[in-house]
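Chains, contacts and geometry: an overview
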Amino acid sequence: MNRYCIGALFAMLTGSLLPQAASAVTGADAIVDGVLMPAWLERPGVRQELTPGTVLQNRDRVISGPGARVRIRLGDGSTVEMAADSRLDLNALGVREAQVFTAALDVQQGAVRFSTGALAKNHRQRAVNLRVGTLTAGIRGTDVLGRVDAEGDRICLLEGSIAVLHPLAEALQIDTAPSCYLAPKGDAPAPIEAVTAGQLASLAAQTALPAAPPPVAVPTATPLAAGRYATRSGRWAVELATLDSESATLSLYDRARAAGYPVRIMPRASAGSGYDYTVRLTQLPTQSEAAALAVQIADSLQIASPVVVRH
């Protein structure tokens with residue numbers, strides 16, 4: 001085994017080939033808080049699996065796959081939750097004069113929910129815009145969901161108030177919640193529609209990331225698949241395999257990453273003079289989540305049963 005390859009494997013272990021972790025940064029503008037896999041981060045020239053604790057940067061793009069969810073904590077204490085099959089561009093992230101937090105959240109596809117929450121309401125002044133296709137909402141402190149689909153571009157106010165702009169309509173202040181504002185494809189927006197309790201529950205379920213092993217999904221919501229949920233505070237892991245061959249290790253690593261599992265390689269000295277390599281997926285919140293994921297990985301990658309460990 002040559003020294004270059006050993007160095008590459010250790011780089012995978014230490015995370016030098018991964019986005020900067022939240023533990024290494026204070027005062028980050030955006031941090032990935034939880035992921036229901038698969039999900040990806042795109043930066044200029046880079047696309048890789050999204051992991052909890054990843055510090056996001058200005059002009060990053062976050063993509064959620066089928067059945068996935070992503071939760072992001074912004075620097076003002078607010079939360080951004082992504083539904084399955086969604087694409088979100090993060091722009092204008094930062095803090096300007098008078099400590100005003102800024103962000104432009106551009107929903108290219110799918111659904112995204114922005115919520116200030118109890119901890120964020122008095123955290124800091126903010127100037128956040130949510131762009132959903134042709135609709136743009138100015139947010140100063142509220143709970144709002146935006147969705148882009150075949151029907152059109154929709155912004156739903158769940159709590160608070162927003163100012164909404166559309167190229168074919170006058171600026172509109174929406175103060176009545178819950179309600180939705182729809183701009184059909186290629187047409188001016190329709191009148192504001194009230195939202196029923198059932199519709200509100202369905203909208204919320206589309207972006208919600210479970211705090212425990214996922215429950216049965218509500219009607220019309222995308223089903224959540226058990227065993228793919230990872231958080232920053234997760235202490236359980238799945239070890240796919242421990243191998244003594246570098247080529248076999250890299251092959252399994254590549255297969256797992258291609259399937260949407262953000263694994264890492266853990267090298268350690270073997271009993272002889274060489275190394276063994278463990279391919280591991282970490283940050284799972286519960287033992288049951290890890291066990292469900294182990295079954296899922298064994299089936300999707302056609303490997304022997306992975307091992308569940310606490311780390």
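Residue positions are given per chain, counted from 1 along the sequence in the order it is written. The predicted nature of this model means local features are confined to residues of pLDDT at least 70 and side-chain atom pairs, given and counted, to a pLDDT of 80 or more, with totals for whole chains, interfaces and linings taken over all residues. Hydrogens and water are ignored here; the side-chain numbers use all heavy atoms of the structure.

1. As for the state of the cysteines
The term disulfide is used for any two cysteine sulfur atoms that are within 2.5 Å. Within this structure, the stated rule accounts for 1 disulfide. The residue that forms a disulfide with cysteine 156 is cysteine 180, at a sulfur-sulfur distance of 2.0 Å. Judged by the sign of its S-S torsion, about 105 degrees, the bond between cysteine 156 and cysteine 180 is right-handed. Taken together, the residues cysteine 156 in strand 12 (residues 152-159) and cysteine 180 in strand 15 (residues 179-184) connect sequence positions 24 residues apart. The residues cysteine 156 and cysteine 180 share a single accessibility class, namely buried. Secondary structure elements follow DSSP: runs of H or I of four or more residues count as helices, runs of E of two or more count as strands, with numbering from the N terminus. Remark: exposure states derive from per-residue accessible area (1.4 Å probe, protein chains only) relative to the maximum for the residue type, with buried under 20%, exposed over 50%, and partly exposed in between.

2. Quick word on the sheet that holds strand 18 (residues 236-243)
The strand order 19-20-18-21 describes an open sheet built from 4 strands, whose pairing is antiparallel. Strand pairing shows two members of the sheet lacking a second neighbour, strand 19 (264-269) and strand 21 (307-310), which therefore form its edges. In this sheet, neighbouring strand axes are inclined to one another by 35 degrees on average, regardless of whether the strands run parallel or antiparallel. Strands pair, by our definition, only if DSSP identifies at least two bridges between them. Sheet topology places strand 18 next to strand 20 (residues 275-284); 6 bridges connect them, and they run antiparallel. Looking across to strand 20, one finds that tryptophan 236 is bridged to leucine 284. Each of strand 18, strand 20 and strand 21 is contacted by helix 5 (residues 287-301), which is oriented at about 35 degrees to strand 18, the strand it contacts most. Between N-to-C directions, angles cover 0 to 180 degrees, with each direction set by a line fitted to C-alpha atoms, over the stretch in contact for helices. The contact criterion used is simple: two residues touch if any of their non-hydrogen atoms lie within 4.5 Å.

3. Here's the deal with the environment of methionine 266
Here methionine 266 shows up in strand 19. For methionine 266 and aspartate 276, which are 10 residues apart along the polypeptide, the C-alpha to C-alpha distance reads 8.3 Å.

4. Concerning unusual backbone geometry
At the junction of methionine 37 and proline 38, the peptide bond is cis and its omega measures out at 5 degrees in the coordinates. The phi torsion at glutamine 283 lies on the positive side, around 70 degrees, for a residue other than glycine. With a relative accessible area of 17%, glutamine 283 lands in the buried category. The backbone of glutamine 302 shows a phi angle near 55 degrees, a positive value even though the residue is not glycine. Assignment of secondary structure puts glutamine 302 in the loop between helix 5 and strand 21.

5. A few points about helix 5
The α-helix advances 3.6 residues per turn, and as a result positions three or four apart in sequence lie on the same side. Working rule for helices: expected span equals 1.5 Å times residues minus one. With 15 residues, helix 5 ought to run about 21 Å at 1.5 Å a step, and its terminal C-alpha atoms sit 21 Å apart, in line with that. Among the residues of helix 5, Glu289, Ala290, Leu293, Ala294, Ile297, Ala298 and Leu301 are the ones counted as buried. Buried residues of helix 5 fall within an arc of 165 degrees about the axis and therefore sit on the same side. Exposed positions of helix 5 whose direction lies more than 90 degrees from the buried face are Val295 and Asp299. Residues of helix 5 that are buried make contact with strand 17 (229-231), strand 18, helix 4 (246-258), strand 20 and strand 21. In this description, the arc belongs to the directions extending from the helix axis to the C-beta atoms.

6. Details of the confidence of the model for the chain
For every residue, the predictor reports its confidence as pLDDT, a number between 0 and 100. On average, residues of the chain carry a pLDDT of 83, and 83% of them reach 70 or more. Low confidence marks residues 11-25, where pLDDT is under 50. Its contacts with residues over four positions away, or in another chain, come to 31 contacts. Here residues 212-227 is modelled with pLDDT under 50, and outside its nearest four sequence neighbours on either side it reaches 34 contacts, counting other chains as well.

7. Section: the packing of aromatic side chains
Any two of the Phe, Tyr and Trp rings considered here, Trp counted by its six-membered ring, make a pair once their centres fall within 6.5 Å; the pair's planes then place it as stacked at under 30 degrees, edge-to-face at over 60, or tilted in between. Considering all chains together, one arrives at 1 aromatic pair under this definition. Each ring, one from tyrosine 275 and one from tyrosine 277, has its centre 6.3 Å from the other, and the planes form 25 degrees; the classification is stacked. Under the relative-accessibility criterion, tyrosine 275 is labelled partly exposed at 27%. Positioned over the ring face of tryptophan 40 is arginine 47, at 5.0 Å from the centre of the ring. Two thresholds decide whether a charge sits over a ring: the Lys NZ or Arg CZ must be within 6 Å of the ring centre and within 35 degrees of the ring normal.

8. Description of the pattern of salt bridges
The working definition used for a salt bridge is a side-chain nitrogen of Lys or Arg within 4 Å of a carboxyl oxygen of Asp or Glu. Considering all chains together, one arrives at 14 salt bridges under this definition. In this structure, the salt-bridge partner of arginine 73 is aspartate 33, at a minimum N-O distance of 3.4 Å. Taken together, the residues span a long stretch of sequence, with arginine 73 in strand 5 (residues 69-74) and aspartate 33 in strand 1 (residues 30-36) at a distance of 40 residues. For arginine 73, a relative accessible area of 33% gives the class partly exposed. A salt bridge links lysine 185 to aspartate 153; its shortest N-O distance comes to 3.5 Å. Placement of the pair is lysine 185 in the loop between strand 15 and strand 16 (193-194) and aspartate 153 in strand 12, with a sequence separation of 32 residues. Residues joined by salt bridges that share partners form a network here, namely Asp33, Arg71, Arg73 and Arg232.

9. Some remarks on the pairing of strand 10 (residues 135-139)
Here strand 10 shows a clear split, with Leu135, Ala137 and Ile139 buried on one side and none of Thr136 and Gly138 buried on the other. Relative to strand 10, strand 9 (residues 126-132) runs antiparallel, the two being bridged by 5 bridges. Within strand 10, the residue paired with arginine 131 across the bridge is threonine 136. Here strand 9 folds back onto strand 10, and the loop between the two strands holds 2 residues, one of which, glycine 133, carries a positive phi near 60 degrees. Pairing geometry for strand 10 and strand 13 (residues 162-166), over 3 bridges, is antiparallel. Each bridged residue has a counterpart across the sheet, and for glycine 138 the counterpart in strand 13 is alanine 163.

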